Amino acid sequence: MTSASLFVDVPQAQPVAVFKLTADFREDPGPRKVNLGVGAYRTEECQPWVLPVVRKVEQKVAADSSLNHEYLPILGLPEFRASASRLALGEDSPAIKENRVGSVQCLGGTGALRIGADFLRLWYNGTNNTATPIYISSPSWGRSHNKKSTGPCCREVILYASCGALSSWKGPHLHGALALNCASSSSCFLLYAQSCHILQRKQLFPFFDSAYQGFASGDLDRDAWAVRYFVSQGFELFCAQSFSKNFGLYNERVGNLSVVARDADNLARTLSQMEKIVRVTWSNPPSQGARIVAVTLNTPEFFAEWKGNVKTMADRILLMRSQLRAKLEALGTPGTWNHITEQIGMFSFTGLNPKQVEFLIKEKHIYLMASGRINMCGLTTKNMDYVAQSIHKAVTRVQ
Ligand SMILES: Cc1ncc(COP(=O)(O)O)c(C=O)c1O
């Protein structure tokens, strides 16, 4: 049979920028090439890092003959869900004690954002609601936040200028207040973990995206303050947690959607609907990554070791931040560079424009996102001078 393909009208989609960048980097034969685009932690030797505690826990799980490969419950591994929510909300969280916190084990932070958004579309502010806007900061997590987190669920995705124009952005502003004030009641706000009283006054729904707990300061509790503060102020909220970065479990797809509800009854009905959504999405989640996280969080020695591992990663990033800023300032690179040490987490927006980025890629074999975003752990003490000098050239030669 030789009739036309059913797919003849399917348009070619653009490649996903961050994956394309890594593919281009791999193909580049240049001896001095540097990948600042990768979305994962790298050691001083530019290598992926399996956390030592994860190695140990993996062996413990492998040796446990009581475990099997039966399906997990639709909502996931109970001990993982409970310990993940405790990590976000705090060991002594009154909301947990009041039995009004529950969660859904999800496929990474992406899955948690998606299940939360699907639920909101079906049940928030009227049933099957596609009219409620969801506000997402700009810049955001790549350009994928809106698509990943809302999918087909929300008609209107409004990027609130949390940080000014993308091209000139170098760090957080006093921000978002305008968007918050302009938002119609009941809108949803996707927050990183930072604007409380306006949300309260306008009855806006906060949806936190917590993908880097521990990476900002090296301290898990400090990094979770914003979510905990909102809970203490009486908000009902969602918090999408990713364990990809802080456990280095990128390909295991470990995430959790914590739900803080007004009371146990509201929680139970909400989780019952989330269960329906999961059933038709991935049916039930994978177990390996969730077991590793649960055993780690629930075993005091492993938990202590994990905190040390997270601190190792956070400290290396902080060191790279201070070294890059110091080198650029010592070179007299035009502009200010304090944003490099003031931003937190694994990534930095450098403020470099697309032409400067192109110069770095083509002339210097230094790969970074067109937005100027760099992964701080693509930097090492060995490539630091080369990268700083190259940024200096890009800024002084290319406008
Ligand atoms: C801000 C932010 N949110 C969510 C995610 C998604 O994490 P995961 O890989 O666990 O789906 C990422 C991943 O890079 C991220 O940077």
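Attention in this report is confined to the structure presented alongside it. For every chain, the first residue of the written sequence is number 1, and numbering continues from 1 along that sequence. The model is predicted, so local features are restricted to residues of pLDDT at least 70 and side-chain atom pairs to those at 80 or more, both for listing and for counting; the totals for chains, interfaces and linings are taken over all residues. With hydrogens and water stripped out, all remaining heavy atoms of the structure feed into the side-chain values.

## Some remarks on the nonpolar core
In a soluble, globular protein the nonpolar side chains are often hidden away together inside.
Then, number 1: In this structure, F80, W306, L324 and I391 are the most contacted members of the largest nonpolar core, which totals 54 residues.
Then, number 2: Looking at this core, the elements that each hand over two or more residues are helix 2 (52-63), helix 3 (78-89), helix 12 (288-298), helix 13 (300-331), helix 15 (354-364) and helix 16 (384-397).
Then, number 3: Element by element, the count of residues in this core is highest for helix 13, at eight residues.
Then, number 4: What counts as a domain boundary in this text is fixed by an automatic or database domain assignment. Looking at which domains feed residues into this core, each of domain 1 (17-49 + 315-397) and domain 2 (71-298) gives three or more.
Then, number 5: Contacts between residues were defined by any pair of non-hydrogen atoms, one from each residue, lying within 4.5 Å. Dropping the residues within four chain positions of it, I391 is found in contact with L324, L328, W337, L352 and L360.
Then, number 6: If you look at the next biggest cluster of nonpolar residues, it comprises 22 residues, including L75, L120, L267 and I277. Take the buried residues of types Ala, Val, Leu, Ile, Met, Phe, Trp, Tyr and Cys, join any two whose side-chain atoms come within 4.5 Å, and each joined set is a nonpolar core. Relative accessibility thresholds used throughout: buried, under 20% of the residue-type maximum; exposed, over 50%; partly exposed, between the two (1.4 Å probe, protein chains only). The secondary structure listing takes helices from DSSP runs of H or I that are at least 4 residues long and strands from runs of E that are at least 2 residues long, numbered from the N terminus.

## Side note on the pattern of salt bridges
Then, number 1: Note on definitions: salt bridges are taken to be side-chain nitrogens of Lys or Arg within 4 Å of carboxyl oxygens of Asp or Glu. Overall, the coordinates contain 14 salt bridges when judged by the stated rule.
Then, number 2: Among the ionic pairs, R325 bridges to E329, the shortest N-O distance being 2.9 Å. Taken together, the positions of R325 and E329, both in helix 13 and four residues apart, correspond to about one turn of that helix.
Then, number 3: Overall, the relative accessible area of 25% leaves R325 in the partly exposed class.

## Digging into the site of the ligand
Then, number 1: Whether a residue is near a molecule or strand is decided by its heavy atoms; if any one of them lies within 4 Å of it, the residue is near. What surrounds the ligand is a group of twelve residues, the closest being T110, Y212, S242, S244 and K245.
Then, number 2: Counted as a polar contact is a pair of N or O atoms within 3.5 Å, where, for protein atoms, one must be capable of donating a hydrogen and the other of accepting one, and residues adjacent in sequence contribute only when both atoms are in side chains. Contact distances for the ligand include 2.8 Å between an oxygen atom and a backbone N or O atom of G109.
Then, number 3: Methods summary: accessible areas were calculated by the Shrake-Rupley approach with a probe of 1.4 Å, and residue burial reflects only the protein chains presented. In isolation the ligand has 400 Å² of accessible area, and contact with the protein removes 89% of it.
Then, number 4: Classes in brief: Ala, Val, Leu, Ile, Met, Phe, Trp, Tyr, Cys and Pro nonpolar; Asp, Glu, Lys and Arg charged; the others, Gly included, polar. Residue classes in the shell around the ligand are distributed as four nonpolar, five polar and three charged.

## Topic: the packing of helix 2 against helix 12
Then, number 1: Only the contacting stretch of a helix is used when fitting its axis, a line to C-alpha atoms as for every element, and angles between N-to-C directions run 0 to 180 degrees. In the contact formed by helix 2 and helix 12, the axes pass within 9 Å of each other and the chain directions differ by 110°. Between helix 2 and helix 12, the crossing angle belongs to the class labelled roughly perpendicular. Of helix 12, the residues touching helix 2 (which contributes V53, V54, V57, E58, K60 and V61) are Q288, R291, I292, V295 and T296.
Then, number 2: Counted by class, the contact of helix 2 with helix 12 contains six nonpolar, two polar and three charged residues. By definition in this entry, angles of less than 35 degrees are roughly parallel, angles greater than 145 are roughly antiparallel, angles of 65 to 115 are roughly perpendicular, and the rest are oblique.

## Focus on the environment of G116
Then, number 1: For G116, the position within the fold is in helix 5 (residues 108-123).
Then, number 2: Since its relative accessible area comes to 0%, G116 is described here as buried.
Then, number 3: G116 sits twelve residues away from V104 along the chain, and the two C-alpha atoms are 9.5 Å apart.
Then, number 4: G116 has contacts with F207, F238 and L257, leaving out every residue within four places of it along the chain.

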